[in-house]
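Structural characterization, general
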Amino acid sequence: MSYYNRNYKKLKLSVMEYLNSGECAKILYNKEIIFKEYYSETILNCRLSEKMFDILKNISNPHFIELFDIYSDFDFIELLKNKVGILPFIVDAYTAKYYPDNSVNVLLEHKDYILDNFKELEVLFRIFSENMICTDDIKRDNTVIGKDGIVIIDPDLFYTMQSSKEFISTLNKKKLLNLFRSILINSVENEPNYGKNITFIDNELVNLEVKDNTEVAYEISKKLKYIKKPIELFRR
């Protein structure tokens, strides 16, 4: 395999190590960058598109993955065909910043951790909405929750939509609330009464109507008003 960017610079993978894999791709890394390589059978709708990559690359935010470059897997003939415009550039892989997994359990942190992060994430999601970007696949598995904060690391299913900003904002705020739910569910896996805890999360913590002007972080703060750490909600 020979991976080339749009300037026909070949990527050297000799120093990369295996990190992990998912349904659509595997990830290599070298302590500084990750190389996400899509499986050959991964359909285009499940890949980060060239257009979306260019939009997201310009978003600089500490809670969003820093993207570097995109690559296509060309052999020599395919490379020549692409240069003369016969063969399109398909995103077969991309590089981005590596974020070490120094995960923290949000239940055991002071509630300010989750509140401060979601206030800042709400700013990020507002940027997405202003750029007509609809987020998708926003969940615990696609984030790094570390000592330095929460980072969204998998934008592969993000897309743009020709609709009103209010509609897109509502969609994104619902995704942000769903991220809160996903983080909580992941965090209570090892707590007693797992099923009862999920019901409590759904009925008490994330059961709210979300509109384009809803402040998700503020709504979360009301749910955590009388506690110091989220774990207190599940150990009463």
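Let us look at the structure shown here. Fair warning: this is a prediction, and the values are worked out from it, not measured in the lab.

Let us look at the packing of helix α3 (residues 111-130) against helix α6 (residues 216-223). When two helices pack together, their arrangement is given by the angle between their axes and by how far apart the axes lie. Put simply, α3 and α6 touch, their axes get as near as 8 Å, and they point 160° apart. It follows that α3 is roughly antiparallel to α6 by the angle criterion. Between α3 and α6 the crossing geometry is right-handed. Contact with α3, carried on its side by Leu115, Phe118, Lys119 and Glu122, involves Val216, Ala217, Ile220 and Ser221 of α6 and no other residues of that element. Residues of the contact of α3 with α6, tallied by class, amount to 5 nonpolar, 1 polar and 2 charged.

Here the focus is the packing of aromatic side chains. Per the stated rule, a full pass over the model turns up 11 aromatic pairs. Taking 5.4 Å as the distance between ring centres and 75° as the angle between the ring planes, the aromatic pair formed by phenylalanine 64 and phenylalanine 128 counts as edge-to-face. On the criterion of sequence distance, the pair formed by phenylalanine 64 in the loop between α1 (50-57) and β5 (67-73) and phenylalanine 128 in helix α3 is long-range, its members being 64 residues apart. Phenylalanine 64 gets classed as buried once you look at its relative accessible area, which sits at 2%. A residue is classified by how much of its surface remains accessible, and phenylalanine 128, at 0% relative accessible area, is buried. Taking 5.4 Å as the distance between ring centres and 80° as the angle between the ring planes, the aromatic pair formed by phenylalanine 128 and phenylalanine 158 counts as edge-to-face. On the criterion of sequence distance, the pair formed by phenylalanine 128 in helix α3 and phenylalanine 158 in the loop between β9 (149-152) and β10 (159-160) is long-range, its members being 30 residues apart. Grouping residues by exposure puts phenylalanine 128 and phenylalanine 158 together as buried. The structure contains a cluster of three or more aromatic residues connected by ring pairs, namely Phe64, Phe125, Phe128 and Phe158.

What follows covers the pairing of strand β3 (residues 25-29). Among the 5 residues that make up β3, 4 are buried, leaving the element largely enclosed by the rest of the structure. With 4 bridges connecting them, strand β2 (residues 17-21) and β3 associate as antiparallel partners. Following the sheet pairing, asparagine 20 is matched in β3 by isoleucine 27. Hairpin connection from β2 to β3: 3 residues lie between these consecutive antiparallel strands. Bridging between β3 and strand β4 (residues 33-38) involves 5 bridges; their strand directions are antiparallel. Each residue of the ladder has a partner; that of alanine 25, found in β4, is tyrosine 38. Here β3 hands over to β4 after 3 residues, with lysine 31 in that stretch at a positive phi of 80°.

If a probe as big as a water molecule is rolled over the atoms, it shows which places are left empty. Counted as a void, the largest pocket has a volume near 890 Å³. As for the largest pocket, its lining consists of 30 residues, of which Asn20, Ile27, Asp141, Asn142 and Asp154 are closest to the centre. Among the secondary structure elements, those contributing two or more residues to the lining of the largest pocket are β2, β3, β4, β6 (93-97) and β8 (143-146). Across the lining of the largest pocket, the residue classes tally to 14 nonpolar, 6 polar and 10 charged. A volume near 360 Å³ is recorded for the second largest pocket. Lining the second largest pocket are 22 residues, with Pro62, Phe64, Lys97, Tyr99 and Val151 positioned closest to its centre. Every element with two or more residues in the lining of the second largest pocket is listed here: α1, β8 and β9. Per-element accounting of the lining of the second largest pocket gives the leading share, 3 residues, to β9. The residue makeup of the lining of the second largest pocket, split by class, is 12 nonpolar, 6 polar and 4 charged.

Rules and cut-offs
- Residues numbered from 1 in each chain as written.
- Predicted model: local features only at pLDDT ≥ 70, side-chain atom pairs only at ≥ 80, totals over all residues.
- Heavy atoms only, no water.
- Axes fitted to C-alpha atoms, helices over the stretch in contact; angles between N-to-C directions.
- Helix = DSSP H or I, 4+ residues; strand = E, 2+ residues; numbered from the N terminus.
- Parallel < 35°, antiparallel > 145°, perpendicular 65-115°, else oblique.
- Left-handed = near helix turned anticlockwise from the far one by under 90°.
- Contact = heavy atoms within 4.5 Å.
- Nonpolar A, V, L, I, M, F, W, Y, C, P; charged D, E, K, R; others polar.
- Phe/Tyr/Trp six-rings, centres within 6.5 Å; stacked < 30°, edge-to-face > 60°.
- Buried < 20%, exposed > 50% of the residue type's maximum accessible area, 1.4 Å probe, protein only.
- Pairing = 2+ DSSP bridges.
- 1 Å grid on protein atoms, 1.4 Å probe; cavity = no way out; pocket = protein on both sides within 12 Å on 5 of 7 lines; lining within 4 Å.
- Points joined across faces, edges and corners; volume = space filled by probe spheres on them.

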